[in-house]
Amino acid sequence: MAAIDTALSIRTPHGQTLASTLCLPAGGDQATAPLPGVLLCQGLSGVRNLVLPQVAHTLAEAGIATLRFDYAGFGESSGDRGWIDPEARILDATVAFESLAAHPAVDRGRLGIYGHSYGGPVAVCVAAQDPRIRAVVSVSGPG
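A brief report on the enclosed structure follows. In this text the structure is predicted, and so the values were computed from the model without any measurement.

Here the structure, examined in full by the defined rule, presents six salt bridges. The partner of R48 in a salt bridge is D70, and the shortest N-O contact between them spans 2.6 Å. Taken together, the residues span a long stretch of sequence, with R48 in the loop between β3 (35-41) and α1 (52-61) and D70 in the loop between β4 (65-69) and α2 (86-102) at a distance of 22 residues. Accessibility classification places R48 together with D70 in one group, the buried group.

Before going further, it helps to spend a moment on the packing of α2 against helix α3 (residues 119-129). Between α2 and α3, whose axes approach to 9 Å, the crossing angle comes to 60°. It follows from the interaxial angle that α2 and α3 lie oblique. Relative to α3, α2 is oriented so that their crossing is right-handed. For the pair α2 and α3, the contacting residues are R89, I90, A93 and T94 in the first and V122, C125, V126 and Q129 in the second. Of the residues assigned to the contact of α2 with α3, the class counts are five nonpolar, two polar and one charged.

Of the volumes computed, that of the largest pocket is approximately 200 Å³. Q16, A72, W83, D85 and A88 are the residues nearest the centre of the largest pocket, which is lined by 14 residues in total. Here the lining of the largest pocket is built from residues that sort into six nonpolar, four polar and four charged.

Turning our attention to the state of the cysteines. Counting across every chain of the model gives zero disulfides. Between C23, a free cysteine, and C41, which holds the nearest cysteine sulfur, the sulfur-to-sulfur gap is 15 Å. Here C125 is not disulfide-linked; the sulfur of C41 is the nearest cysteine sulfur, at 10 Å. What makes C125 partly exposed here is its relative accessible area of 31%.

What follows concerns the sheet that holds β3. Sheet strands associate in pairs through backbone hydrogen bonding, adopting either a parallel or an antiparallel arrangement. The sheet built from six strands is open, its strands ordered β1-β2-β4-β3-β5-β6 with mixed pairing. The sheet is open, and its two borders are formed by β1 (3-11) and β6 (133-139), each paired with just one other strand. Neighbour-to-neighbour, the strand axes of this sheet turn through a mean angle of 20°, independent of strand direction. Examined bridge by bridge, strand β5 (residues 106-116) and β6 share six bridges and lie parallel to one another. Note that in β6 the partner of Y114 across the bridge is V137.

Cut-offs and rules
Residues numbered from 1 in each chain as written. Predicted model: local features only at pLDDT ≥ 70, side-chain atom pairs only at ≥ 80, totals over all residues. Heavy atoms only, no water. Salt bridge = Lys/Arg side-chain N within 4 Å of Asp/Glu carboxyl O. Helix = DSSP H or I, 4+ residues; strand = E, 2+ residues; numbered from the N terminus. Buried < 20%, exposed > 50% of the residue type's maximum accessible area, 1.4 Å probe, protein only. Axes fitted to C-alpha atoms, helices over the stretch in contact; angles between N-to-C directions. Parallel < 35°, antiparallel > 145°, perpendicular 65-115°, else oblique. Left-handed = near helix turned anticlockwise from the far one by under 90°. Contact = heavy atoms within 4.5 Å. Nonpolar A, V, L, I, M, F, W, Y, C, P; charged D, E, K, R; others polar. 1 Å grid on protein atoms, 1.4 Å probe; cavity = no way out; pocket = protein on both sides within 12 Å on 5 of 7 lines; lining within 4 Å. Points joined across faces, edges and corners; volume = space filled by probe spheres on them. Disulfide = S-S within 2.5 Å. Pairing = 2+ DSSP bridges.

Structure representation (structure tokens):
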């Protein structure tokens, strides 16, 4: 099954814009059966188009919607460049998760979060704060 990527812009409470990509499985009856959704959090690079597209497309093949995003100040997102602020990354991921959870193609009862490398601790923190997140995966995260 192929995947369909759609570019989205997400506004943060601080007025920044997070560039993001929603990935949905191609085909199937999405109108009658909302999909499980997973937020994908990038590592130190802070950009959505390294490693995560492959993860998104693999999950799409399994019938799972994903949202990946550039942290504020990284990639195509607005914000001050060059700062790696863990609390700001958690806020960005929380805002992105809200966008995923609100999407009409996504089942609000089947939500998860995935963090790659430095995104692992971000994913764990967001999951610890939001009981709607039913699964959390941290891959190659620092200890």
